[in-house]
Amino acid sequence: MSPLKTNRVFYLILPFVLFVSVIVALLDYERRASASNAGVVSDVNQIHSTAQAIINRFYWESVDSTIAITFQGTQQNLFTGSIDSVKKHQAIDQLFIDAFHRNDAVSQIRWIDKDGIERHRMNRTEGKLHDELITVEGERLQDKSGRYYVVEAQKLKSGYLYLSKLDLNIENGQVVRPYEPTIRLATPIRDSNNTLQGIIVINFNIKMAFHKLNDLAPEGIDIDLFNAGGQLRYSNSMPDAAFLDLLKGDVLSRGEEAVNHYYEKSKTFKHYITSPPEGRYHKSSDMHYAPQIKAQEKLTLLVLATESHLNQRFKKNLLGAFFLGSLTLFLGCFLAFLLYRSDKKVIALNRALNEQLQISEHSREVKSQFLANMSHEIRTPMTAISGLLTLLLKEKLDDSVRQRLTIIKESSEGLRRIINDILDLSKIESGKSVLSLSEFRPALTVERCISTFNGSAHLKGIELLLDMEPSLFFYTCHGDEYRIEQVINNLLSNAIKFSKDSPVLVSVTSHVHQETQLELTCTVIDQGIGMSDDLVMQLGESFTQADNRLSNDNNGTGLGLSISKALLDSMEATLTIKSTLGVGSQFSFTVNLDVLKKEAGLVENNIAMDDLNVWLVNTDHQSSHFMNKIFHHWGGHAKLIKSADELQRLVDDEIHHHMGLDFILFDLEHSVSNDDVLYTLNRFIENHVNLPKMVVMTSDESRWRSYLSLDKNIELFKKPVTISGFLELLQKVKLVPNIQALEGGQEASIKQLESDIRDRVIKEGQPNILLVEDNITNQHVIAEIFNSMGISVKVANNGKEAVEYVLNEPVDMIFMDVQMPVMSGLEATEIIRQHYTSEQLPIIALSAGVTDNEFEQSERVGMNTHVPKPIDLDKLMSVVVEYWPQTVCSLTPDQLQAFDEFDLSNTAYKWLGDTAYLKVLASFLKEFGGIIQLTSHDEKAAFVHKLKGASGNVGATALHDVCARYEKELIKGDVSIDVVLDSKRQLNHTF
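What you see as residue numbers is a count from 1 along each chain, following the sequence as written. Since the coordinates come from a predicted model, pLDDT governs what is reported: local features require at least 70, and pairs of side-chain atoms require 80 or more to be given and counted, while whole-chain, interface and lining totals use all residues. Remark: hydrogens and water are excluded; side-chain values derive from all non-hydrogen atoms of the structure.

Looking at an unreviewed UniProt entry, the protein carries the name histidine kinase, with the source organism given as Marinomonas algarum.

Structure, rendered in structure tokens:
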């Protein structure tokens, strides 16, 4: 960016900063004002409620004190007649004293007779240390017959009280100083005939209640108390202004300010009473009394926020908003200045960052291309190696040769796994790896993993053990089976790699939640070299082992755990590692799967084991515990024989008592004697005991073959012990009938697929398969693989030859290499797709490239699927079964005869029969089912003539008639044959 543009940007930013600052200030003021106003309203309401409660409490306590004195005096008959005895005088004194002590607001208590003359009076006088109670006697007692509260009280019924107005205490016609705001409660005393006997009058000093009100409100909120005439009786903001209307000549002693305040308050009160404002900053209420109280005046409590208080808050809010706006403006200008100063540095940094990103992207592309090329170059020769090994292992071989070939096969599979691991790690690091969800049975996945590594473990003298809940075997779930299997394979490979002569255990537990979610936990436990805590922390880094010094002995790349952690992270699971140096390691993970169904074919009712008498000869090994767990699941039990003495004792019992033994399982790797099988067999034969079924468990088939010469039908149960293997064993020895066919491992799957293909070849003939491959060795190997299935393939050396062959010869499916000279498989597919759709002619990519980019390329040009090299026989045969087109029409000849377009009365059907005719019809549909592109007159004439003859042979009379009509038109000259092509398409849609 040029300096001119930089300055222009800077000056454009400043108005924006100013605008934002103003908006921030306005929004902050609104926020502050809203909060402030709400606070004032809340304060006014709360203070009003509290002030009202204080005044009400004062009045209620005053009423209670008056009622208590009157009731107690009446009960003691103290307020009748005259005080004619010392005892009565003392009783009245004590009654009054108790009242003073109960209520600190009581300032004077008087008993006035029915004529209005004071008979007994007691005053409270404030002292420096404490209050004094003084009894007034004799001449000092006054005549109160003319006072308003006496006159009004004489009119009341018994039990009623008269409440005087709130004024100042007056003695002998003079206002008492210091001023005492006082109320008087008077209640009549009547005898049983309702005759007036006297009046009890009590003065209550409200000064303490006013003190409480003084402490209640903050500055700016006024608490005022008015009588009905608007005279101020209390004000927290100007206490001296209260009662000025009662002081008469002493008004000026309160000061001019108090007088002005009095009139202002009275004016404000009258304004609020006559025309209440709509604002929320005030609240007023009248004081209410009990029904038995006759009040001389009505008091009104008014609480309001003063104008000065509201203005002060407004100024504070405005100042705060202005400060925040100014701060925003300052910061904005400062940031704009920094932006202006650092613009060149930012531009330089962006340029450098872009360069680094380009370098990084280029490096990633180079890395991906390198991995793809490396994978392709390794997989191409591995195709020949793996394919030839597969073919050799199908032949009859010497045991030693078969064992060596098996080792080579497993080594090549190990190399393939390493290549896959490298590519998977690259995908994960680049974020291109996605979950591939499918339907699968977790138990079979685990069993397949163990089966995969059984050979390599056996070569190292390591026994693989499985411990799994039998109920898991019947659950079908939805999840990423490939990744789960890959993680287990990596953990197993790692455990075998670092173990020597010690077993490796795969423990699988499951917990089903409401039959919809299955929590699967897999743990791989070894007793290998173990690791320290520091070494455990290093695990999981790409191409890193816990201790690189171990690589010479164990040949590891460190990829397995890195990929396992990454794969589990993508499934929201965690790899947990526990290890002790010199003791062993434990790797575990838990994944959550959706439950699709629970198999009903293998239920307890189909397998009855409760009556089986089974011996398991084993030195209390882990495999025997798992076997017993399986027995227990179906209600059975196997007698575990853990010593030679126990075996001898049970054999003796069987010889003498004939216990009905069904079969015996001998664990050859954990036998209780030198030869458990021969010992048991010889004892039973010598004593003429019917031989039970005998099964030997071993991971070494050669040990089982050593017993075949005995000709005693000793069966093999090949380790490791799995649920599938166990159920197959029961079916093999025919002790448990009606067991549904079980899903086997990969080997069984391959055999079943191969059998299905061979059966179809015999029934329908070979499919027309074109193999397009430029590598001569791979041509030979792949062709031999197809030959082993009874299929002969045609071979093209490149894409150009493939296109020429397809356009001239019938083809059912094509296996197409992608990278070839002359013309690549992608180019050839694009050309073929111009003539045949993917449904009409399946094209399967057969390539050493296995990256996502290569998969997308093959899919984009129209290839149906992808079979990676080296060839996985299971995958190859599955593709053949899936894409081999049906060569027999699904409709019967009778059904075809019902269509108007068909007439089979004079066709090949008459002499071919149903099956042969349908094959001819299928060939016709295949030959003329593709996309037809004809341009010249000669091409159109030849095509219509050929179609006319073929359609007539199969009885497609409607199409035959259309072809015949247009054949005549073409003799006359060049015309469009779209009607012919439409008729052909309609015929194809019929099927």
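Quick look at the packing of aromatic side chains
Any two of the Phe, Tyr and Trp rings considered here, Trp counted by its six-membered ring, make a pair once their centres fall within 6.5 Å; the pair's planes then place it as stacked at under 30 degrees, edge-to-face at over 60, or tilted in between. Per the stated rule, a full pass over the model turns up 12 aromatic pairs. Summarising the aromatic geometry, the rings of Phe79 and Trp111 are spaced 5.6 Å apart at their centres and angled 50 degrees between planes, so their arrangement reads as tilted. Within this pair, whereas Phe79 is found in the loop between helix H1 (3-75) and helix H2 (86-102), its partner Trp111 is found in strand E1 (residues 106-113), the two being separated by 32 residues in sequence. Buried, partly exposed and exposed residues are distinguished by accessible area as a fraction of the type maximum, computed with a 1.4 Å probe on protein chains only: under 20%, between the cut-offs, and over 50%, respectively. Residue Phe79 is classed as buried on the basis of its relative accessible area of 1%. Take Trp111: its relative accessible area is 0%, and that puts it in the buried class. On the basis of an interplanar angle of 80 degrees and a centroid distance of 5.1 Å, the ring pair of Phe631 and Phe726 is categorised as edge-to-face. Remark: Phe726 occurs in helix H18 (residues 723-732) and Phe631 occurs in helix H14 (residues 622-633); sequence separation between them is 95 residues. Here a set of aromatic residues connected by ring pairs shows up, and it is made of Phe58, Tyr59 and Tyr289. Seen from the ring of Tyr148, Lys165 lies directly overhead, with NZ or CZ sitting 5.8 Å from the centre. Working rule: Lys NZ or Arg CZ, within 6 Å of ring centre, within 35 degrees of ring normal, means a charge sits over the ring. For the cation-ring pair, Arg441 lies above Phe473, with the distance from its terminal atom to the ring centre recorded as 4.8 Å. Here a helix means four or more residues in a row that DSSP labels H or I, a strand means two or more in a row labelled E, and each is numbered from the N terminus.

A short note on the sheet that holds strand E28 (residues 794-796)
Strands sit in the order E28-E27-E29-E30-E31 across an open sheet of 5 strands; the sheet is parallel. Each having just a single partner strand, E28 and strand E31 (865-868) make up the two edges of the open sheet. The average angle at which neighbouring strand axes cross in this sheet is 25 degrees, direction not considered. Judged from the 4 bridges that link them, strand E30 (residues 843-847) and E31 form a sheet pairing that is parallel. From the neighbouring strand, Ser847 faces E31, where its bridge partner is Pro868. Contacts between helix H20 (residues 776-788) and the sheet are confined to strand E27 (769-772), E28, strand E29 (813-816) and E30, with E27 contributing the most and set at about 160 degrees to the helix. Together, E29, E30 and E31 form the strand contacts of helix H24 (residues 873-883), whose direction differs from that of E31 by roughly 155 degrees. Here the rule is simple: two strands pair whenever DSSP picks up at least two bridges between them. Axis definition: a line fit to C-alpha positions, over the contact stretch in the case of helices; interaxial angles, taken between N-to-C directions, run 0 to 180 degrees. A contact between two residues is defined here by any heavy atoms of the two lying within 4.5 Å.

Some points on helix H9 (residues 442-459)
Because the α-helix completes a turn every 3.6 residues, residues three or four places apart line up on one side. In a helix, the anticipated span is given by 1.5 Å times the number of residues less one. For H9, spanning 18 residues, the distance from its first C-alpha to its last is 27 Å, which sits close to the expected 26 Å at 1.5 Å a residue. Of all bends in H9, the biggest is about 40 degrees, found at Phe453. Taken together, the buried positions of H9 are Pro442, Ala443, Leu444, Thr445, Val446, Glu447, Cys449, Ile450, Phe453, Asn454 and Ala457. Once H9 ends, the next one or two residues include Gly461, with phi positive near 75 degrees. To obtain the bend at a residue, axes are fitted to the seven residues ending there and to the seven starting there, and the angle between these axes is taken.

A word on the side chain of Gln779
By secondary structure assignment, the location of Gln779 is in helix H20. Polar contacts, as used here, are pairs of N or O atoms within 3.5 Å; protein pairs need one atom able to donate a hydrogen and one able to accept it. Residues neighboring in sequence count only if both atoms are side-chain atoms. One polar contact links Gln779 to Asn797, side chain to side chain, over a distance of 2.8 Å. Sequence-distant contacts of Gln779, defined by excluding residues within four places in its chain, comprise Leu771, Glu773, Asp774, Val795, Ala796 and Asn797.

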